[in-house]
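# Examination of the molecular architecture
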Amino acid sequence: MHLLDLVENAYEAGATRVELSLEENPEEDCLVIRVADNGCGMDEELRRTATSPFYTSRSTRRVGLGLSLLAAAAEQCGGEVQVEEGKERGTVVTATFQRSHLDRAPLGDLLSTLLVLVRGFEGLELHYFHRVGERSFSFNSSSLKKKLGGVPFSRNLRQLKEFLNEELAGLGTEGVAVTR
């Protein structure tokens, strides 16, 4: 859910491109989740308060739980969340976790998460990178669309699901729901 929330935040900030990376290093017992976007960015004050549960940019509610829940989850597992300014514009959110920590939630159903990100934000250029030790998998939604014949993802769900499922299964990530 954190991944979906971070990408939705980027999209609402006007991002047209999002880089999402998950790096699992079993030897160093570390998991790093990083989301970089080219949206409108945050000023210094906003970056400092963005992980507070009492901050939100929305007018429909008075609390913002996305980044604060991610920060709490990371801190509970010996990690942290950093919110930084992007290189040219945008925001970079980096969450680190002790990978083997008993309180670290599993990554969960990455297949469904990626399907939602690719199909739900079809106008957004998504760059995804995932490394587990020495194995890695990456894709760019624009290139992936070309690979699948240029047909919209919503009309090519079976092929998209098969491709993502096969690549995620090749990573051997523990706790990731992959269909056989």
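The structure this text deals with has already been given above.
Residues numbered from 1 in each chain as written. Predicted model: local features only at pLDDT ≥ 70, side-chain atom pairs only at ≥ 80, totals over all residues. Heavy atoms only, no water.

## So, helix H1 (residues 2-12)
- The set of residues buried in H1 consists of Leu3, Leu4, Leu6, Val7 and Ala10. Viewed along the axis of H1, the buried residues span an arc of 165 degrees, placing them on a single side of the element.
- Two residues or fewer after H1 comes Gly14, characterised by a positive phi angle close to 85 degrees. (Buried < 20%, exposed > 50% of the residue type's maximum accessible area, 1.4 Å probe, protein only. Helix = DSSP H or I, 4+ residues; strand = E, 2+ residues; numbered from the N terminus. Arc of directions from axis to C-beta.)

## So, the pattern of salt bridges
- Tallied over the full model, the rule gives 5 salt bridges.
- Close ionic contact of Glu125 with Arg17 constitutes a salt bridge, the shortest N to O distance being 3.7 Å. Note that Glu125 is positioned in strand S5 (residues 125-132) and Arg17 in strand S1 (residues 17-25), a separation of 108 residues in sequence.
- Judged by its relative accessible area of 25%, Glu125 falls in the partly exposed class.
- You can call Arg17 partly exposed: its relative accessible area is 31%.
- Across the pair Glu162 and Arg158 runs a salt bridge whose closest N-O atoms are separated by 3.1 Å. Remark: Arg158 and Glu162 occur in helix H6 (residues 157-171); sequence separation between them is 4 residues, near one turn of the helix.
- Its relative accessible area of 45% is what places Glu162 among the partly exposed residues.
- The structure contains a network of salt bridges with shared partners spanning Arg17, Glu19 and Glu125. (Salt bridge = Lys/Arg side-chain N within 4 Å of Asp/Glu carboxyl O.)

## Focus: the packing of H1 against helix H3 (residues 66-76)
- Packing of H1 against H3 leaves a shortest axis separation of 10 Å and a crossing angle of 140 degrees. Comparing their axes, H3 and H1 come out oblique. Crossing handedness for the pair H1 and H3: left-handed. Contact with H1, carried on its side by His2, Asp5, Leu6 and Asn9, involves Gly66, Leu67, Leu69, Leu70 and Ala73 of H3 and no other residues of that element.
- Of the residues in the contact of H1 with H3, the class split is 5 nonpolar, 3 polar and 1 charged. (Axes fitted to C-alpha atoms, helices over the stretch in contact; angles between N-to-C directions. Parallel < 35°, antiparallel > 145°, perpendicular 65-115°, else oblique. Left-handed = near helix turned anticlockwise from the far one by under 90°. Contact = heavy atoms within 4.5 Å. Nonpolar A, V, L, I, M, F, W, Y, C, P; charged D, E, K, R; others polar.)

## Details of unusual backbone geometry
- Phi at Asp29 is positive, roughly 55 degrees, even though this residue is not glycine.
- With respect to the helices and strands, Asp29 occurs in the loop between S1 and strand S2 (30-37).

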